[in-house]
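# Examining the three-dimensional arrangement
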Amino acid sequence: MIPEFEKFKGFKAKSMPKEELLAPGHRACQGCGEVLALRMVMKALGKDVIVCNATGCMEIITSPYPHTAWNVPWIHVAFENAAAVASGVESARKVLKRKKKIPKKHVDILAVGGDGATGDIGLQWISGAMERGHDFLYVCLDNEAYMNTGVQRSGCTPYGAMTTTSPPGKKSFGQVTWKKNIPAIMVAHNIPYVATASPAYFLDLMNKVKKAALVKGPAYVHIFSPCPTGWGSAGERSIEFARLAVETKVFPLYEVIEGRYIMSRKIKKAKPVTEYLKGQRRFRHLDEAHIDYIQKRVDAEYEKLLRLSEMT
Amino acid sequence: MSKRVGIEVSIAISEAVGLARAEVIPAYPITPQTHIVEHLSEMVANGQLDAEFVPVESEHAAMSCCCGAAAAGARVFTSSSSQGLSLMSEVLYIPSTMRIPMVMVVANRALSAPISIWNDHQDIMVQRDIGWIQTFAENGQEAVDLTIHAFKVAENRNVSLPMIVNIDGFTLSHVIEPIELPDQEDVDKYLPPFKPRYKLDPRRPITMGPVGIPEVYTEAKMAHDMAIKNSKRYILKAWKEFEEVFGRKYEPIDTYRTEDAEVLLVGMGSICETAMTAVDQMRDNGQKVGLLKIRLWRPFPAQEFRKAVGKTKILAVIDRCLPPGAVCGPVGAELRSMFYKIPGSPKIFSFVAGLGGRDVTVSRFEEMVDKARAFAKKRPRELYQVIGVREK
Amino acid sequence: MANSDAIVGWKTITFGCHILEPGNSANFRTGDWRSQRPVTDKEKCIKCGMCWIFCPDMTYKQDEEGYFEADMEYCKGCGICAHECPKDAITMVPEEG
Ligand SMILES: Cc1ncc(C[n+]2csc(CCOP(=O)(O)OP(=O)(O)O)c2C)c(N)n1
Ligand code: SF4
Ligand code: SF4
Ligand code: SF4
Ligand SMILES: [Mg+2]
């Protein structure tokens, strides 16, 4: 087990940190699940953190000059390279501490990006940083498309979903590929901590983020982030969809601690995927055959995960 | 005491970076820059230099890592060439407008295709507008001195800009030269520890790299432009202090036998050494020829350049870069626009030479001077000439 | 996006375009994006704080009595709080005009 986890008791709903590290007045759409997830991430981390943000919705909506929503030190350089920027921050702090130029006090280093920044264009930078073993955490806020540029498909866009570059038509039914498994790619880097999380399970999310920060070396948390604008869903239902994704096994919650898979929430009686799919315009065009395929594949993927958790 | 040693220029540059006490060195190998970072990694490994050497997975990551490290308050160095510099390109524009200082040595090399590891200035000329301060070194001693100077300038709180020292790949990077390596004490005296104006620090949270809406973008760019223009006085000041401490004098534009010259060759980097030999020979033959060396490329020292030209009426400008479809090479274009419609300004002829490792021999310089004289009498049809290119 | 705070000159723009005042987005009122507002029925409220936790716009503050109240300067009217309230204590009411 990881020694740093021993002292950590976990967050409690009754005694949640009051401090908002992300200020109101940010420009996210109404009911944005991504900024809500980010708010929870920041609550878990507290103020002793340096944030390296990839280009994307969260960067844009929190930093239109001269306004910033950030109450912590924050840097944005470009789209694909947040993990490399974080490598630099971490390396600098390491040497500056050694040379006694900055206080010894530990400061968490957070690199954060969307699913595009993480799983597509930035994969190499993240892989490099993970492989080199920098002491930082990477959080992917997965809203399942390139939202900032107007809802284009990414490797994390789910099967069948309509986006502006995976439009259904006479010869197409939307996204033709299955969601890329980024957490598995992270696990393959042999890093000490990988987890998936959902803002609907906020204590679980915050505990995982805190553990990712506590662990020495690189850690990765993949957070499901409903986007009403991109999904064509009602803003008020963002948390509901985040919950449904877990209850239908579409987005399972688990941790991988030093290679061992641990299910955070075993779904015994799963709801049918249709519960999750309906109410989102991006899935509206799907016919029964497609939904059937999604149901089978979701079940199969969940089984694989269960087997991994039993094996390890 | 400073010591004079026979040493490969790349190794001497690493030693200079060590003397400057660089703290974070993110780097990725590429010929002909590799020896610089290999030696730095060795220096870190054997404890000679207390720094973090970050063996990143690409040049884009190297530059990104540099941004993070310098923003967090460390003294940062990296080095690259050619394809690597091009891969960095997206990031290069960012620390300069964000006023994040760092130093990079670029071992200049041709760009693909065809792939070529040999020297010219194509790699840096396509990065002309990244908003970094840029100098060109002529020899190994200069490479060492300009590297130390670069930290001093970049980190000056009134400057706070990233800076590139260009050295010619192979013709400079890989040669062994007698070089005076400065004394650590003198370097420490010259170069105080890095104290950034702003840095990423939870004790004083700031937001770096926000969105520039149309109301602010122009102002942000103008502020950057003025910062790099104003940096010239600090560049000159740092050279003056350099002379006081180390005894070697540097200026933005170097002149060689320019007095009463009818034709001036204009070059930058290591070809100036051959150009000086050519000037000597032409002078021996009674030709009134001289040489101008551009040491400071960005900000362009227009005033110093005009002064250096003096009354000379013909300039033969050498570009080590061929921008296809353009009216001429970037140095030629710069000088032409600078002198445009200024009364009494010289006639400027643009030559492209020394691409992809092609030697520029003494006779080639003579050819350029002859052509420039002929063109001054009868304007050529082309706006520039490629020197030493075979037709068949 | 017209923004009068953003009218700066090149001489007065902050160094490196950094924003030096943390969290000053709070000066920007997002409340006028709203077409409906949450109204809490204190009779039903059990002070569980779910509305506070699930608000993407950090609008809720707890008062001395322990009730959570949304700041209309920022509330965008998304309705998450009403949707997630376990006691159905929050009603979304249309904004007038
Ligand atoms: C090198 C580069 N390519 C493309 C873009 C354009 N771009 C900016 S953000 C973005 C999509 C971001 O998607 P994601 O990472 O999923 O974040 P989201 O906006 O969905 O939160 C794209 C394509 C860019 N800024 N830089
Ligand atoms: S587009 Fe989606 S992720 Fe982006 S701010 Fe709007 S709701 Fe949030
Ligand atoms: S969620 Fe409902 S019950 Fe809970 S504190 Fe808010 S209003 Fe009260
Ligand atoms: S309606 Fe939305 S923005 Fe307004 S208080 Fe409720 S959750 Fe927050
Ligand atoms: Mg996305």
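Residues numbered from 1 in each chain as written. Chains lettered and ligands numbered in written order. Predicted model: local features only at pLDDT ≥ 70, side-chain atom pairs only at ≥ 80, totals over all residues. Heavy atoms only, no water.

## Digging into the interface of chain B and chain C
At the junction of the two partners, chain B supplies 21 residues and chain C supplies 16 residues. Contact between chain B and chain C buries roughly 1,700 Å² in total, counting both sides, with carbon and sulfur atoms accounting for 73%. Elements supplying a minimum of two residues to the side of chain B that touches chain C: strand 9 (207-208) and helix 8 (214-246) of chain B. Per-element tally for the side of chain B that touches chain C: the top contributor is helix 8 of chain B, with seven residues. (Contact = heavy atoms within 4.5 Å. Buried area = accessible area lost by both parts, 1.4 Å probe. Helix = DSSP H or I, 4+ residues; strand = E, 2+ residues; numbered from the N terminus.)

## Points about the sheet that holds strand 7 (residues 163-168) of chain B
All names here are of chain B. Spatially, the five strands line up as an open sheet ordered 4-5-7-6-13, and their pairing is mixed. Two strands lie at the open edges of the sheet, namely strand 4 (77-80) and strand 13 (296-298), each paired on one side alone. Neighbour to neighbour, the strand axes of the sheet diverge by 25 degrees on average, direction disregarded. Note: strand 4 against strand 5 (residues 103-108), four bridges, orientation parallel. Bridge pairing links Thr78 to Met104 in strand 5. Set on the sheet, helix 6 (residues 140-155) makes contact with strand 4, strand 5, strand 6 (133-136) and strand 7; between it and strand 7 the angle comes to about 170 degrees. (Pairing = 2+ DSSP bridges. Axes fitted to C-alpha atoms, helices over the stretch in contact; angles between N-to-C directions.)

## Some thoughts on the nonpolar core
If you look at the biggest cluster of nonpolar residues, it comprises 183 residues, and the most contacted ones within it are Ile75, Leu110 and Ile223 of chain A together with Phe305 of chain B. A domain split of this core shows at least three residues from each of domain 1 (3-246) and domain 2 (253-386) of chain B. Here Leu110 of chain A is in contact with Val41, Met42, Leu45, Val49, Ile50, Val51, Cys52, Leu137 and Val139 of chain A, once residues within four sequence places are set aside. Core analysis: the next-biggest nonpolar cluster, separate from the first, contains 51 residues, Val9, Ala22, Phe77 and Val165 of chain B among them. (Core = buried A, V, L, I, M, F, W, Y, C linked by side-chain atoms within 4.5 Å. Buried < 20%, exposed > 50% of the residue type's maximum accessible area, 1.4 Å probe, protein only. Domains from an automatic or database assignment.)

## A look at the domain arrangement of chain B
Residues and elements named next belong to chain B. Along its sequence, chain B is organised into domain 1 (3-246) and domain 2 (253-386). Summarising the inter-unit geometry, the C-alpha centres of domain 1 and domain 2 are found 28 Å apart. Facing the 28 residues of domain 1 at the interface are 26 residues of domain 2. Of all residues in domain 1, Met125, Glu138 and Lys232 give up the largest surface area on contact with domain 2, accounting jointly for 29% of the area buried on that side. The interface formed by domain 1 and domain 2 contains four salt bridges. Ionic pairing is found between Glu138 and Lys293, a salt bridge with its closest N-O pair at 2.9 Å. Applying the counting rule to domain 1 against domain 2 returns 13 residue pairs in polar contact (both at pLDDT 80 or more). Among the secondary structure elements, those contributing two or more residues to the side of domain 1 that touches domain 2 are helix 5 (122-125), strand 6, helix 6 and helix 8. Counting residues per element, the side of domain 1 that touches domain 2 draws most heavily on helix 8, which supplies seven residues. (Salt bridge = Lys/Arg side-chain N within 4 Å of Asp/Glu carboxyl O. Polar contact = N/O pair within 3.5 Å; in protein donor to acceptor, adjacent residues only side chain to side chain.)

## Quick look at the packing of helix 3 (residues 82-98) of chain A against helix 3 (residues 59-71) of chain B
Put simply, helix 3 of chain A and helix 3 of chain B touch, their axes get as near as 6 Å, and they point 45 degrees apart. In terms of orientation, helix 3 of chain A lies oblique with respect to helix 3 of chain B. For the pair helix 3 of chain A and helix 3 of chain B, the sense of crossing is right-handed. Counting all contacts with helix 3 of chain A, which are made through Ala84, Val85, Ser87, Gly88, Val89 and Ala92 of chain A, the residues of helix 3 of chain B involved are Ala61, Ser64, Cys65, Gly68 and Ala69 of chain B. The class makeup of the residues in the contact of helix 3 of chain A with helix 3 of chain B is seven nonpolar, four polar and no charged. (Parallel < 35°, antiparallel > 145°, perpendicular 65-115°, else oblique. Left-handed = near helix turned anticlockwise from the far one by under 90°. Nonpolar A, V, L, I, M, F, W, Y, C, P; charged D, E, K, R; others polar.)

## Regarding the interface of chain A and chain C
Taken together, the contacts link 39 residues of chain A with 38 residues of chain C. Looking at the side of chain A facing chain C, the largest losses of area belong to Tyr65, His67 and Glu236 of chain A, adding up to 22% of the total buried there. For the interface between chain A and chain C, the tally reads one salt bridge. Counting every contact that joins chain A to chain C gives 20 residue pairs in polar contact (both at pLDDT 80 or more). Those elements that place two or more of their residues in the side of chain A that touches chain C are helix 1 (33-45) and helix 9 (238-247) of chain A.

## Digging into the packing of helix 3 of chain A against helix 5 (residues 123-132) of chain A
The description of two packed helices rests on the angle between their axes and on the distance between the axes. All names here are of chain A. At a minimum axis separation of 7 Å, helix 3 and helix 5 run at an interaxial angle of 35 degrees. Counted together, Ala83, Ala84 and Ser87 of helix 3 and Trp125, Ile126, Ala129 and Arg132 of helix 5 form the full contact between these two elements. For the contact of helix 3 with helix 5, the class distribution of residues is five nonpolar, one polar and one charged.

## What to know about the site of ligand 3
Residues in close proximity to ligand 3 include Thr40, Cys45, Ile46, Lys47, Cys48, Gly49, Met50, Cys51, Phe68, Cys85, Pro86 and Ile90 of chain C, which together make up its full environment. Of the residues contributing to the shell around ligand 3, the split by class is nine nonpolar, two polar and one charged. (Near = heavy atom within 4 Å.)

## A look at the packing of aromatic side chains
All names here are of chain A. Tallied over the full model, the rule gives 27 aromatic pairs over all chains. Ring geometry for Tyr159 versus Trp178: centroids 5.9 Å apart, planes at 40 degrees, classification tilted. Residue Tyr159 is found in the loop between strand 4 (137-142) and strand 5 (168-169), and its partner Trp178 is found in the loop between strand 6 (172-173) and helix 6 (182-187); the two are separated by 19 residues along the sequence. What makes Tyr159 buried here is its relative accessible area of 12%. A relative accessible area of 22% means that Trp178 is categorised as partly exposed. When the ring of Tyr159 is compared with that of Tyr293, the centres are 4.7 Å apart and the planes differ by 45 degrees; the resulting orientation is tilted. (Phe/Tyr/Trp six-rings, centres within 6.5 Å; stacked < 30°, edge-to-face > 60°.)

## What about the sheet that holds strand 16 (residues 384-386) of chain B?
Residues and elements named next belong to chain B. Read across the open sheet, the six strands follow the order 10-12-11-14-15-16; overall the sheet is mixed. Edge positions in the sheet fall to strand 10 (253-256) and strand 16, since each has one partner strand and no second. Each adjacent strand pair in this sheet contributes to an overall mean axis angle of 25 degrees, direction not counted. As defined by bridge partners, strand 11 (residues 263-267) adjoins strand 12 (residues 289-294) across five bridges and the pair is classed as parallel. Note that in strand 12 the partner of Gly267 across the bridge is Lys293. Strands strand 11, strand 12, strand 14 (314-319), strand 15 (347-352) and strand 16 of the sheet are contacted by helix 12 (residues 362-377), whose axis makes an angle of about 140 degrees with strand 15.

## Observations regarding the site of ligand 4
Of all residues adjacent to ligand 4, which total 14 residues, the nearest are Cys55, Cys75, Cys78, Gly79 and Cys81 of chain C. A breakdown of the residues in the shell around ligand 4 according to their chemical character gives nine nonpolar, three polar and two charged.

## Digging into the coordination of the magnesium ion (ligand 5)
The textbook angles at a metal center are 109.5 degrees for a tetrahedron of four donors and 90 or 180 degrees for an octahedron of six. Residues and elements named next belong to chain A. Bound to the magnesium ion (ligand 5) on the protein side are Asp115 (OD), Asn143 (OD1) and Ala145 (O), at distances that span 2.0 to 2.1 Å. Sequence spacing among the residues donating to the magnesium ion (ligand 5) works out to D-x27-N-x1-A. With respect to burial, Asn143 and Ala145 carry one shared label: buried. (Donors = N, O, S within 2.8 Å, 3.2 Å for Na, K, Ca; no water.)

## A closer look at the pattern of salt bridges
With the rule as written, the count across this model stands at 48 salt bridges over all chains. One salt bridge in this structure joins Arg128 of chain B and Asp129 of chain B, with 3.2 Å as the shortest N-O distance. A residue is classified by how much of its surface remains accessible, and Asp129 of chain B, at 47% relative accessible area, is partly exposed. Linked through salt bridges whose partners overlap, the residues forming this network are Lys94 and Arg98 of chain A together with Asp50 and Glu52 of chain B.

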